[in-house]
Amino acid sequence: ADYLDNGNNKMAIQQADKLLKKHKDLHCAKVLKAIGLQRTGKQDEAYALAQEVAALEPTDDNSLQALTILYREMHRPELVTKLYEAAVKKVPNSEEYHSHLFMAYARVGEYKKMQQAGMALYKIVPKNPYYFWSVMSLIMQSISAQDENLSKTMFLPLAERMVEKMVKEDKIEAEAEVELYYMILERLEKYKEALDVVRGKLGEKLTSELQSRENKCMAMYKKLCRWPECNALSRRLLLKNSDDWQFYITYFDSVFQLIDESWTPPAEEEHSLEGEVHYSIEQAVKFIEERITEESKSSRPLRGPYLAKLELIRRLRYRGCNDEYKLGDPEELMFQYFKKFGDKPCCFTDLKVFVDLLPSNQYTKFISQLLEVIPLSATAENEIALPADIKALQQHLCVVQLSRLLGIYHAMDKKQKLTVVRELMLRYRHGLEFGKSCLKTELQFSDYYCLLAVHLLLDLWLEGEETAVWQCLTFLEEGLSHSPSNAQFKLLLIRIYCRLGAFEPVAELYSSLDAKHIQHDTIGYLLTRYAESLGHYAAASQSCNFALRFFHSNQKDTSEYIIQAYKYGAFEKIPEFIAFRNRLNSSLHFAQVRTERMLLDLLLEANISSSLEESIKSMSLSPEEDDIPWKDLRDNRDLTVLFNWDPKDRDISEEHRKLSLEEETMWLRIRSLTLRLVSGLPPLSHTIQPKNSEKTAENGVSSRIDTIRSLLQQLEAAVDSGKKFLEQKIQYPVLGPPPTRMAGFFSNGSCQCQTSLFYLVSDIYELDTNGLEDSAEIQERIGNSFKSLVERLTDLFNKCKGDLIEVRDGTLKTHPNLLENLVFFVETISIALWVSSYCDSVLRPFKSNLQKKKKKKKESSVAMPPVFTHFLDYVTELQTLTSNVIDHIKGLEIILTALKLEELSFKDTLLLQEEKKFTKTVQGKVQSSYHHSVQEIGELLKKRLDTIKKLKI
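Residues numbered from 1 in each chain as written. Predicted model: local features only at pLDDT ≥ 70, side-chain atom pairs only at ≥ 80, totals over all residues. Heavy atoms only, no water.

Draft legend 1. Seen up close, the overall build of the protein. Across its full length, the protein holds 41 helices and 4 strands. Summarising its shape, the C-alpha atoms of the protein cover approximately 120 × 90 × 60 Å along the three principal directions. Residues classed as buried in the protein amount to 53% of the 953 residues present. Surface accessibility of the protein: about 44600 Å² in total, with carbon and sulfur atoms responsible for 51%. Computed over 125 positive and 136 negative side-chain charges, the inter-centroid distance for the protein is 5 Å. (Helix = DSSP H or I, 4+ residues; strand = E, 2+ residues; numbered from the N terminus. Buried < 20%, exposed > 50% of the residue type's maximum accessible area, 1.4 Å probe, protein only. Areas by Shrake-Rupley, 256 points an atom, 1.4 Å probe, with all protein chains shown as cover. Lys, Arg positive; Asp, Glu negative; His and termini not counted. Charge placed at Lys NZ, Arg CZ, Asp CG, Glu CD.)

Draft legend 2. Summary view of helix α15 (residues 245-260). Between its first and last C-alpha, α15 extends 23 Å over 16 residues, near the 22 Å set by a 1.5 Å rise per residue. Those residues of α15 that sit buried are Phe247, Tyr248, Thr250, Tyr251, Phe252, Ser254, Val255, Phe256 and Leu258. Summarising the contacts, the buried residues of α15 are in contact with α13 (212-223), α14 (227-240), α16 (281-297) and α17 (304-318). (Expected span 1.5 Å × (residues − 1). Contact = heavy atoms within 4.5 Å.)

Draft legend 3. Representation of the environment of Tyr306 in the model. Relative to the assigned elements, Tyr306 resides in helix α17. As a C-alpha pair, Tyr306 and Lys33 span 273 residues in sequence and 69 Å in three-dimensional space. Ignoring any residue separated from it by four or fewer positions in sequence, one finds Tyr306 in contact with Ile292, Glu295, Tyr337, Lys340 and Phe341.

Draft legend 4. Expanded view of the environment of Tyr732. Within the fold, Tyr732 resides in the loop between α35 (694-726) and α36 (742-747). A residue is classified by how much of its surface remains accessible, and Tyr732, at 11% relative accessible area, is buried. In this structure, the C-alpha to C-alpha distance between Tyr732 and Glu655, residues 77 residues apart in sequence, is 10.0 Å. Of note is the side chain of Tyr732, whose polar atom sits 3.4 Å from the backbone nitrogen of Ser660. Side chain to side chain, Tyr732 and Glu663 meet in a polar contact 2.8 Å long. (Polar contact = N/O pair within 3.5 Å; in protein donor to acceptor, adjacent residues only side chain to side chain.)

Draft legend 5. Highlighting the pairing of strand β3 (residues 805-808). Note that β3 and strand β4 (residues 811-814) share 4 bridges and pair antiparallel. The residue of β4 that forms the bridge with Ile805 is Thr814. Counting the residues between successive antiparallel strands, the hairpin from β3 to β4 contains 2 residues, one of them, Asp809, with a positive phi of roughly 50°. (Pairing = 2+ DSSP bridges.)

Draft legend 6. View of the packing of aromatic side chains. All chains considered together, the criterion is met by 27 aromatic pairs. Seen from their ring centres, Tyr448 and Phe643 are 5.8 Å apart, and the 90° between their planes marks the pair as edge-to-face. Taken as a pair, Tyr448 in helix α23 (residues 447-462) and Phe643 in the loop between α32 (612-618) and α33 (654-679) lie far apart in primary sequence, 195 residues in all. With a centroid separation of 4.3 Å and 20° between ring planes, the pair formed by Phe786 and Tyr874 is classed as stacked. (Phe/Tyr/Trp six-rings, centres within 6.5 Å; stacked < 30°, edge-to-face > 60°.)

Draft legend 7. Layout of helix α6 (residues 77-90). For α6, spanning 14 residues, the distance from its first C-alpha to its last is 21 Å, which sits close to the expected 20 Å at 1.5 Å a residue. Burial in α6 covers these residues: Leu79, Val80, Thr81, Leu83, Tyr84, Ala86, Ala87 and Val88. Against α4 (43-55), α5 (61-73) and α7 (95-108) lie the buried residues of α6.

Draft legend 8. Molecular detail of unusual backbone geometry. Positive phi, normally seen in glycine, also occurs at Glu189, with a value near 60°. Checked against the element boundaries, Glu189 lands in the loop between α11 (175-187) and α12 (191-199). The backbone phi angle of Asn607 is positive, close to 65°, even though this residue is not glycine. Tracing the sequence through the fold places Asn607 in the loop between α31 (588-605) and α32.

Draft legend 9. Spatial organisation of the packing of α7 against helix α9 (residues 128-144). α9 packs onto α7 with a crossing angle of 20° between their chain directions and a minimal axis gap of 13 Å. Looking at the two axes, α7 sits roughly parallel to α9. Relative to α9, the crossing made by α7 is left-handed. Contacts between α7 and α9 involve Glu95, Ser99, Phe102 and Met103 from the former and Tyr130, Trp133 and Ser137 from the latter. The residue inventory of the contact of α7 with α9, partitioned by class, reads 4 nonpolar, 2 polar and 1 charged. (Axes fitted to C-alpha atoms, helices over the stretch in contact; angles between N-to-C directions. Parallel < 35°, antiparallel > 145°, perpendicular 65-115°, else oblique. Left-handed = near helix turned anticlockwise from the far one by under 90°. Nonpolar A, V, L, I, M, F, W, Y, C, P; charged D, E, K, R; others polar.)

Draft legend 10. How the structure looks around the nonpolar core. Among the nonpolar cores identified, the biggest contains 292 residues, and Tyr566, Phe825 and Tyr874 are the most heavily contacted of them. A total of 19 residues in this core trace back to one element, the largest contributor, which is helix α39 (residues 816-857). If near-sequence neighbours (up to four positions away) are discounted, Phe825 is found in contact with Leu793, Leu796, Phe797, Cys800, Leu881, Val885 and Leu941. (Core = buried A, V, L, I, M, F, W, Y, C linked by side-chain atoms within 4.5 Å.)

Draft legend 11. Region of interest: the state of the cysteines. Across all of its chains, the model carries 0 disulfides by this definition. Free of any disulfide, Cys398 has its nearest cysteine sulfur in Cys347, 3.8 Å distant. Cysteine Cys753 is unpaired, with the sulfur of Cys751 as its nearest cysteine sulfur at 9.3 Å. In this structure Cys753 comes out as buried when scored by relative accessible area, which is 0%. (Disulfide = S-S within 2.5 Å.)

Draft legend 12. View of the side chain of Gln444. If you trace the backbone, Gln444 turns up in the loop between α22 (414-431) and α23. For Gln444, the residues in contact, after removing those within four places along its chain, are Leu432, Gly435, Cys438, His482 and Ser483.

Draft legend 13. Inspection of the packing of α5 against α6 at higher detail. Two elements in contact, α5 and α6, have axes whose closest approach is 8 Å; the angle formed by their N-to-C orientations is 160°. Looking at the two axes, α5 sits roughly antiparallel to α6. In the packing of α5 onto α6, the handedness of the crossing is right-handed. Side by side, α5 and α6 meet where Leu64, Gln65, Leu67, Thr68 and Tyr71 of the first sit next to Pro77, Leu79, Val80, Leu83, Tyr84 and Ala87 of the second. Looking at the contact of α5 with α6, its residues break down into 9 nonpolar, 2 polar and no charged.

Honestly, that's just the spatial picture; any functional story needs more than this.
Here is the structure:
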C-alpha cells in the first residue's frame, strides 16, 4: 500500500505477487495488485482480478475499501453498490457497511434505493441523520421525477409526513432538519406553513447563517404577497444595519405595492405581524432622510443610505411623480457622493447605476465639476496636473471612467483621442510611483489608466486606423510587465492577438491566468475558438484536453460533493449540486469542445498514424448517435469578463447574447453533422461485409447509406439556416462574443466542397450496388463530380493566396482570414482523401474482377470502364494541387522569415524609447506565431500528400 501511495506501482505489483505466493487467498493483496495494474494501464487484467475477489463477496474492511478505490479509478461506481449489497447481506447489523452502501447509491444517484438504505440504517441505529437521509432521498426523487404531478402528490407529501412524525414526537435536534422541513414545505408551495415553522419554536434552531430566519420569513412574505409584513421587516432590519442594500430594495418594492393597493393600517391592533408599516411616499422619504442623518453620526462612512436616496429618486421618476417630493437634484447628490466616496474603487460602479438620472446636456459640466474638487498639482505652466497621493489618483480615475461611460471620449475626433491617450499613459506611468512596494501578485493603482487608453485606441482601430492596434498591444505588454497578475491586461491581449491571427502568445497568456474549475467553461471559449482555426493544431489539442478534463471530472466530483453534503447535513446544497452538474453537462462549450476535439483527432491521425476506421472506433463514434442535448444547450460563457466602460448603446446587449448563442448552435450543428458523416464512411466499405451472408450485409449497409443520406439532408438544412442567419450581417461589439468560423466556411467555398464530397459518397455507393455494367450514367455523374471538385478545391486554394503579413506605409497589416482559409483547405482536402479511400475500396475489387475475366478470355484488351480513368485523373490532380499548396506554404515560410521587422518606422514618432522595445516584442510575437502556424499546416499537408500517393488503383 505504501508503494501505491508513493506512485511506485510496479513495486506494488511485485510485493503483492510475493504475498500471494505465500497466501494465495489473500483478498486484499489481490485488490492492491489490481490497483497497481490499473494505474500502469493494464485495465483488463485489473478488472479480471477485481471481479475474482468481488465474486467471493468479501466482508473484510480492507478488501472493501481497496475495491472501492479501484472501481472509482475505473469510473465504475455502479460496481461499488453491488459490493456493499453483498456485504450487508452477510453482515446485516453493520452500521458502517450500511452507510457505505447508502453513499455508494448516492454516487450513482439511485434515490429510491437511498431512501430504503437510509431507513434500514435508522432501524439498526436510530440516529436522526439517518432518518433525514431517507427524507432527503424522497425530495431527490421528487426533483428527478419527470412527472411534476407525481412529485407534488406522492414524494413530497410522504417526505412531509415523515418529518411531521418527528416534530410530533419532539425528536427534531439539528438545524439541518429544520432546513429540510422548510425546503419540503416551500416545494409543496405551503408558504403559510413554512412561515409558521420559521417563526415558531423550530425556527430558533436556524442560527448558522446571519439573518437566516429573517431572510426565510421575507421570502415567504413575498410569496404570499404580504406586503405590510415585507415592509415592516425590512424597515426593522434597516434600523439595525442601514447599509444592507437588499432590504432597501424590498422596502421600496413593498412601499409602492402598498400605495398601489391603497392599504391603510387597521384602527385597533398592530400594523402587521412584524410591527410598524410605511405605506406612503412621505414616510419613505422621511425614513431615508433619517438614515442619512443617522449615518453622519456613525464611526465609519456607509454608502447604503446615500445610494438609497438616488434609488428612490429613480423610482419616483419612473412613476412620473418626482417634483412633489424635494429629495434634491440627482446631479448634486452624485457630486456630494463623489466628494465622500470618490477615493474608493467602488465609487464608479455605484454611480454607474444612476447616470441615467443626469440629463445628457449636463454631462460635460458634471465631469468638470468633479474634476474641480480633486487635489491635482502641475509642476510647470503647460504640464498636466498630477495627483500627489493614491487618494487623489483614485478620485481622478473615477472621473476618467465616468467620462468614458458618459460617451465624452467617444464624441472626440482622432486628434483629440490621441491627445487623451497620451495623457492617460502619462498618468499611468506617473501612478506607478505609488505602487513601488506592491507585490508581484498585486495590481498597480494606475492600471485602469492604461486599460482606458487601450480602449480609446481600439475605437481608433475600428475606425480604420491600422497603427492603433499595435499601440494597444505595446501598451498592454508594458502594463503587464509592471503588473504581471493583471487578468484584464491578459484577457485583452488574448482577444487582440486572436483578432490579428496570432495564437502563439495566447497559449502562454491563458495558462498564466491559471483558470480554475468552472472558468474552463466560462472563459475557455477564448482559447478553443481560435487555436485550431489559426493552425496551431498541437495547442488546439491541448486546450480541448484542458476543457474536457474539467467536464469529465465534474461528473465524478459532483457525487463527492453530494456525499459530503449528506454527511454534514447541508441538505439544501444537494439540489444545487445536481443542478450545477446538469448545467455543465448541457454546456454549449462542452458540446463544442467534444465535437471539435474529435474532428481534430481525425484530421491529425486518421489514415496517417492509424486508419480512419480505427480512429472512429477508438472514439466510439457512430453516425446514428447524436449525444448533444440540443433542446437544453446552456450558454455558460462569461461574455462580460472584459472590463468595459462603454455607454449602454455601445455595450454588449441581451440581443447580442441571443444572436451569438444562435450562431454558435448553428455552427455546432454543421460541425457535428460533418463529424457524423465522416464516421459513416468506414461502415460502407467492402472490408466489413461478411462474404457469405449476402442478405444481412445488404440490409445492414443499405440502412447505413440511408443514415448518410438523411444526415446529408440535415447538413443541407443546417447550412441554409446558417446562410440566412449571416444575411443579417450582425456586428458584435469588439469586446463582445467572437463570431464563429461559419462566415469563412461559406465564403471560401469549403462548405460547397465538403457537401459535394458527401454526395459523391452516395453516388459511389450506387455504383457499388449496381455494378459496372449498365451504369454509364452513374459513371459519368461521378466523373463530373471529380472534375467540379478539383475546380472547387483549386478555387479554395486561390483564396489562400497572398501575404499573411504585409508592410504598408511603415505599418504592419496581418491577414488572419488567409490563415483561416488555409486551415479550412487542409480540413477539406482531408475529407476528400477519406472519401477517395472509400472510392478506392469500391473500385479495387471491380478492377481485380476485370483482370480475372481478361485472363479467362485471353483477350488482349477488355474495355476499361471510364470511372477508372476519371478516378485516376482525379487522384493525380489532387496530388498536384496538394504539392502546389505545400510549395506555396514553403514560399510563405521564406517570406515570413525574411520579414525584417526592425526596419519598420512608426509614423507616430511619439513612441518613447521604452515603448519601442515593447513594440518590437509584440511584432516579433506575431511574426513568430504566423511562422509557427504555417509550419504546422505545412507538416500536416505533407503527411496528407503521402496518403494520396497510396491511392493508385
